[in-house]
Amino acid sequence: MQYQSFLIKYAEIGVKGKNRYLFEDALVTQIRHSLKRVEGDFIVSKESGRIYVNAESEYDFDEVIEAFKCIFGIAAICPMVQVDDNGYEDLKKQVLSYVEEFYEDKNFTFKVNARRGNKKYPVNSEQINRDLGELVLNTFPETKVDVHKPEVMLHVEVRNKINIYSHVIPGPGGMPVGTNGKAMLLLSGGIDSPVAGYMIAKRGVKIDAVYFHAPPYTSERAKQKVIDLAKLVSKYSGPIRLHIVNFTDIQLYIYDKCPHEELTIIMRRYMMRIAESLAAESGSMALITGESIGQVASQTMQSLAATDAATTMPVFRPVIGFDKQEIVDVSEKIGTYETSVLPFEDCCTIFVAKHPVTKPSLKMIERSEEKLEEKIGELVETAISTVEKVWC
């Protein structure tokens, strides 16, 4: 027998007070949007602290569960049987039917966990626990009660209808995307930035992205790799508008005019300026990067401070305290790792200095940037006006 209903549980949304309904509505919208991508017809509804999904046609169970696992805001997914309240004796029959149909092997320990959400129901939760526990034991002698570490936790919720479930599948947690503003992700072809985008989206932030392309030094395959990464992140974040910036002329000009040990910092500063301009245009309130302290020369404390000084927007770095293996672990979990390690270089690796400065002086960097004044404004304006936009 296949489950026809799901109880969707949330965690953090439950402490939002008078604004909770806004977060619930956003989560319902996200669930409806995600289920459009799977086969089947579904009705999504909510009822004081509960969100339900009911299947109205045949569907693929595993496909639906995978869709739920990509929706931020979901703490747990509970496949369940939902029945009308036709009295206490009928409830007992429904619970026995559930155990009979969903547990072919009855040799398990169990505990009944009843919750009486409908306070008008004539039997209280403790009495329901005792009665149903005794009923299951007597009907299925192979079972045993274990109130401390049961193999099966049999949940019975008495509300407007009665929910019966025993499987609780962890969701991704977080907050529904779009409930906490919008930000612009600087997306490269590496491992770190897709993880950073995923982590910020998990906090309810809608994300756009910007990629700095440097043809002919970076190939079309490098660009396609970043598009593919944006599509993978969008499984969790919702559609991402990717801004592809032709950065070649700016990089060559910086390479020609500035000290080579400062190349990476100065290029990063101009990336931040361009990203900030695109972010403001798209309604984003912050920038997101995948930088981690000390990972490379451009990510020392001094380098990050010099980079931040180029923009007035806040810069969020969700993996700032992660080591590389921790970032890799998340990238493998969300499915971006295999794409990130494809051997197509981005513009940052093509123009890297042999001996980059690790403790840059902001005054020295700004003095070097003065050498760019003749043409840099025009080059930046051209790069912004010729941005290619791709929905991922």
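The model shown is predicted, which means the values in this text are computed figures rather than measured ones.

Asks: Let's hear about the environment of P79: which residues, and what values?
Replies: For P79, the location among the structural elements is in strand β4 (residues 76-83). Along the backbone, P79 and F6 are 73 residues apart, and their C-alpha atoms lie at a distance of 4.4 Å.

Asks: Describe the packing of aromatic side chains, naming the residues involved and giving the relevant values.
Replies: Across all of its chains, the model carries 14 aromatic pairs by this definition. Pairing F6 with F68 gives two aromatic rings, centres 5.4 Å apart and planes at 70°, and the pair type is edge-to-face. Of this pair, F6 sits in strand β1 (residues 5-9) while F68 sits in helix α2 (residues 61-68), and the two are 62 residues apart along the sequence. Like F6, the residue F68 is buried in the burial classification. On the numbers, 5.0 Å between centres and 40° between planes, the contact of Y98 with F102 is tilted. With Y98 and F102 both in helix α3 (residues 88-102), this residue pair falls four residues apart, about one helical turn. The class of F102 is buried, set by a relative accessible area of 16%. The structure contains a cluster of three or more aromatic residues connected by ring pairs, namely Y3, F6, F42, Y59, F61, F68, Y98 and F102. Sitting over the ring of F23, K16 keeps its end group 5.2 Å from the ring centre.

Asks: Tell me about the packing of helix α5 (residues 192-202) against helix α6 (residues 220-237), and name the residues and values.
Replies: Between α5 and α6, the shortest axis-to-axis distance is 9 Å and the interhelical angle comes to 15°. Considered as vectors, α5 and α6 are oriented roughly parallel to each other. Relative to α6, the crossing made by α5 is right-handed. Facing P194, G197, Y198 and A201 of α5, the residues of α6 in contact are L229, V233, Y236 and S237.

Asks: How would you summarise α5 if you had to cite specific residues and measurements?
Replies: Among the eleven residues in α5, nine count as buried, and that is most of the element. Of all the residues in α5, the buried ones are D192, S193, P194, V195, A196, G197, Y198, I200 and A201. Phi for G204, located one or two positions after α5, is positive at around 90°.

Asks: Let's hear about the sheet that holds strand β11 (residues 206-213): which residues, and what values?
Replies: Here we have six strands laid out as an open sheet, ordered β14-β13-β10-β11-β12-β15, and mixed in their pairing. Only two strands of the sheet have a single partner each, and these edge strands are β14 (315-316) and β15 (388-391). Judged from the five bridges that link them, strand β10 (residues 182-186) and β11 form a sheet pairing that is parallel. Across the sheet, the residue bridging to K182 is K206, located in β11.

Asks: Please give an account of the pattern of salt bridges that cites residues and values.
Replies: By the definition in use, this model includes 21 salt bridges. Between K92 and E89 there is a salt bridge, with its nearest N and O atoms 3.4 Å apart. Of this pair, K92 and E89 are both found in helix α3, three residues apart, which corresponds to roughly one turn of the helix. E100 is paired through a salt bridge with K106; the nearest N and O atoms lie 3.9 Å apart. We classify E100 as partly exposed; its relative accessible area is 45%. Beyond isolated ion pairs, a larger network of salt bridges with shared partners links R20, E24, D25 and K46.

Procedures and definitions
- Residues numbered from 1 in each chain as written.
- Predicted model: local features only at pLDDT ≥ 70, side-chain atom pairs only at ≥ 80, totals over all residues.
- Heavy atoms only, no water.
- Helix = DSSP H or I, 4+ residues; strand = E, 2+ residues; numbered from the N terminus.
- Phe/Tyr/Trp six-rings, centres within 6.5 Å; stacked < 30°, edge-to-face > 60°.
- Buried < 20%, exposed > 50% of the residue type's maximum accessible area, 1.4 Å probe, protein only.
- Lys NZ or Arg CZ within 6 Å of the ring centre and 35° of its normal.
- Axes fitted to C-alpha atoms, helices over the stretch in contact; angles between N-to-C directions.
- Parallel < 35°, antiparallel > 145°, perpendicular 65-115°, else oblique.
- Left-handed = near helix turned anticlockwise from the far one by under 90°.
- Contact = heavy atoms within 4.5 Å.
- Pairing = 2+ DSSP bridges.
- Salt bridge = Lys/Arg side-chain N within 4 Å of Asp/Glu carboxyl O.

Read these as layout, nothing more, since geometry by itself doesn't imply function.
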